[in-house]
Amino acid sequence: MWSEVRKVSDSDVLSQEEINELVQALLSGQISPEQVKEEEEEKKIKPYDFKRPSKFSKEQMRTFQMIHENFARSLSTFLSGRLRSFVDVTLSSVDQVTYEEFIRSLLNPSFIVVFSGDNLEGNAVFEMGLDIFYTMLDMIMGGPGEKPLNRSPTDIEISVMRREIMNMLTILAQAWSDIQPFIPTIENIESNPQFVQIVPPNEMVLLITVAVSIGEISSFINICWPSSLLEPFADKLSARYWFATAKKEEVRKKEELEKLEKSIRNVMVNLVAILGETTLSLKDILELEVGDVIRLNTHFDEEISIAVDGVEKFKGIPGRHKGNYAVRITKITREVIESE
């Protein structure tokens, strides 16, 4: 009976229905507590494949997932603006596989970029499906994004797309900036997967798969991080370090904002109290003499404008204070900017 209950779900956490069935089985005597204990001990034994060892813990895998979810969101924004069309980019999967399995999963031809970073010990792989490659290329060159081709890109096509890939790698580096900052550099571009051998075939790699949709075209971008490249800073991949770093960044930004605000407060500006205005012809100005009175557009008991660097910010009333001319501020006006 207990085996039947456990077959209801493969999860380690029982549902309420499974718990109820287990309690009823125990109360009716169909199973004994010893049987339950034996089943649990059997469940703790898990097979381990020494040919495909897990290099990263579940916590580190969650950190990888958060990093590349940020990358997917930023890439979606960049491509939508660059192609002037809606582009949906989502994280599809984060897996640990051997490098040989990754290479065998790639089509021939493909668009494969080998890149490195100034703070990274080794190379990584950025692979893009040719359907995305040719769709992006056509739209960047002014086309509507025609049906993708199935051939190796020419040198001219690669040269045009090289800049776009560099921008995408920069976005990837920004997603990693809180964990391991680096400046990406394109080392090589290949179309045949068999020519891309950056690590031994049996080395474990972290395979990031990102789903990309451009109009009716849907395909994938793969990012391959060798374990030998990630292990030097593996201690930074815990969620605790991730959130602590984010908190430090928030504190740093707050301190910079306070410092900027303090600096702005010491900036000298020109404050002018405008008693009134009028319009005169050039003939009237040329005929002005000592003792003439110029009529302004304000009354003596009305509020006057007070401008900061030519922009009205306050209203006030002119007068005297301790024997000096002065203006008492009566109102703070808000500048309304209307788009034409």
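Our structure is the block above this text.
Keep in mind it's a predicted model, so treat the numbers as computed, not measured.

Undergrad: What is the right way to read the overall build of the protein from this model?
TA: Helices and strands together make up the secondary structure of the protein, namely ten helices and ten strands. Looking at the 340 residues of the protein, the share that counts as buried comes to 33%. Taking the contacts inside the protein whose residues are at least 6 apart along the sequence as the reference set, 63% of them involve residues at least 24 apart.

Undergrad: Before we go on, may I ask you to explain the packing of aromatic side chains in this structure?
TA: Here the distance between the centres and the angle between the planes together describe a pair of aromatic rings. According to the stated counting rule, one finds nine aromatic pairs in the structure shown. Aromatic side chains Phe115 and Trp225 sit 5.7 Å apart centroid to centroid with 85° between the ring planes, which places their arrangement in the edge-to-face category. In this pair, Phe115 is assigned in strand 2 (residues 111-117) and Trp225 in strand 6 (residues 217-226), connecting sequence segments 110 residues apart. For the pair Phe115 and Trp225, one class covers both residues: buried.

Undergrad: What am I meant to see in the sheet that holds strand 7 (residues 271-274) here?
TA: Working definition: the strands of a sheet are paired by backbone hydrogen bonds and lie parallel or antiparallel to each other. If you trace the four strands from one edge of the open sheet to the other, you get 7-8-9-10, paired in antiparallel fashion. The strands lining the two open edges of the sheet, one partner per strand, are strand 7 and strand 10 (324-332). Ignoring strand direction, the axes of neighbouring strands in this sheet form an average angle of 40°. Both strand 9 (residues 311-321) and strand 10 contribute to a ladder of eight bridges, which runs antiparallel. Residue pairing in the sheet places Gly316 in a bridge with Ile329 of strand 10.

Undergrad: Hey, could you run me through the pattern of salt bridges in this one?
TA: Opposite charge on two side chains permits pairing when their charged atoms draw close. Taken as a whole, this structure holds six salt bridges when the rule is applied. As a salt-bridge pair, Arg151 and Glu157 come within 2.8 Å of each other at their nearest N and O atoms. In this structure, Arg265 and Glu261 form a salt bridge, with 3.1 Å as the shortest nitrogen-oxygen distance. Here Arg265 pairs with Glu261, and both are found in helix 9 (residues 239-265), just four residues apart, close to one helical turn.

Undergrad: Just checking my understanding: could you explain a nonpolar patch on the surface for this structure?
TA: A surface patch of nonpolar side chains, about 750 Å² in accessible area, is lined by Leu275, Leu280, Leu282, Ile285, Leu286, Leu288, Ile294 and Leu296. Structurally, the position occupied by Ile285 is in helix 10 (residues 282-286). Judged by relative accessible area, which is 44%, Ile285 ranks as partly exposed.

Undergrad: Hey, could you run me through the layout of surface pockets in this one?
TA: To locate leftover empty space, one rolls a probe as large as a water molecule over the atoms. As a volume, the largest pocket reaches approximately 260 Å³. Leu107, Glu127, Gly129, Leu130 and Ser219 are, among the 15 residues lining the largest pocket, the residues nearest its centre. Mapped onto the lining of the largest pocket, the elements with two or more residues apiece are helix 6 (130-140) and strand 6. In terms of residue count, strand 6 provides more of the lining of the largest pocket than any other element does, three residues in total. Of the residues in the lining of the largest pocket, the class split is seven nonpolar, six polar and two charged.

Undergrad: Sorry if this is basic, but what is going on with the packing of helix 6 against helix 7 (residues 155-176) here?
TA: Helices that pack against each other are described as a pair by the angle of their axes relative to one another and the distance between those axes. It is the contact of helix 6 with helix 7, at a shortest axis distance of 11 Å, that shows an interaxial angle of 100°. If you check the angle between helix 6 and helix 7, you find them roughly perpendicular. Residue-level inspection shows Phe133, Tyr134, Met136, Leu137 and Ile140 of helix 6 in contact with helix 7, the latter providing Glu157, Ile158, Val160, Met161, Glu164 and Met168. Of the residues belonging to the contact of helix 6 with helix 7, the class tally is nine nonpolar, no polar and two charged.

Undergrad: Help me out: how do you make sense of the environment of Glu303 in this one?
TA: In this fold, Glu303 is placed in the loop between helix 10 and strand 8 (304-308). Sequence spacing of Glu303 and Ile329 is 26 residues, and the spatial spacing of their C-alpha atoms is 9.1 Å. The residues touching Glu303, leaving out its near neighbours within four places in the chain, are Lys315, Gly316, Ile317, Thr330 and Lys331. Polar side-chain contacts of Glu303 include one of 2.7 Å to the side chain of Thr330.

Undergrad: Where do I start with unusual backbone geometry in this structure?
TA: It is generally the case that most residues other than glycine have a negative phi and that most peptide bonds are trans. Of note, the amide linkage connecting Asn108 to Pro109 takes the cis form, showing an omega dihedral of 10°. With respect to the helices and strands, the residue Pro109 is situated in the loop between helix 5 (99-105) and strand 2. A positive phi is found at Lys322, a non-glycine position, where the angle reads about 55°. Here Lys322 lies in the loop between strand 9 and strand 10. Given a relative accessible area of 77%, Lys322 falls into the exposed group.

Undergrad: Looking at this structure, I do not really get the nonpolar core. What am I missing?
TA: Buried together is how nonpolar side chains tend to be arranged in soluble globular proteins. By size, the foremost hydrophobic cluster in this structure holds 53 residues, and its most contacted members are Phe126, Met128, Trp176 and Trp225. Residue contributions to this core peak at ten residues, all from helix 7. With residues up to four places along the chain from it excluded, the contact list for Phe126 reads Phe71, Phe111, Ile112, Val113, Phe115, Ile165, Met168, Leu169, Ile221, Asn222 and Ile223. Ranked by size, the runner-up nonpolar core spans 13 residues in total, among them Ile103, Val125, Val196 and Leu207.

Calculation criteria
- Residues numbered from 1 in each chain as written.
- Predicted model: local features only at pLDDT ≥ 70, side-chain atom pairs only at ≥ 80, totals over all residues.
- Heavy atoms only, no water.
- Helix = DSSP H or I, 4+ residues; strand = E, 2+ residues; numbered from the N terminus.
- Buried < 20%, exposed > 50% of the residue type's maximum accessible area, 1.4 Å probe, protein only.
- Contact = heavy atoms within 4.5 Å.
- Phe/Tyr/Trp six-rings, centres within 6.5 Å; stacked < 30°, edge-to-face > 60°.
- Pairing = 2+ DSSP bridges.
- Axes fitted to C-alpha atoms, helices over the stretch in contact; angles between N-to-C directions.
- Salt bridge = Lys/Arg side-chain N within 4 Å of Asp/Glu carboxyl O.
- Patch = residues over 30% accessible without salt bridge, like charges linked within 9 Å, V, L, I, M, F, W, Y side chains within 5 Å.
- Areas by Shrake-Rupley, 256 points an atom, 1.4 Å probe, with all protein chains shown as cover.
- 1 Å grid on protein atoms, 1.4 Å probe; cavity = no way out; pocket = protein on both sides within 12 Å on 5 of 7 lines; lining within 4 Å.
- Points joined across faces, edges and corners; volume = space filled by probe spheres on them.
- Nonpolar A, V, L, I, M, F, W, Y, C, P; charged D, E, K, R; others polar.
- Parallel < 35°, antiparallel > 145°, perpendicular 65-115°, else oblique.
- Polar contact = N/O pair within 3.5 Å; in protein donor to acceptor, adjacent residues only side chain to side chain.
- Core = buried A, V, L, I, M, F, W, Y, C linked by side-chain atoms within 4.5 Å.

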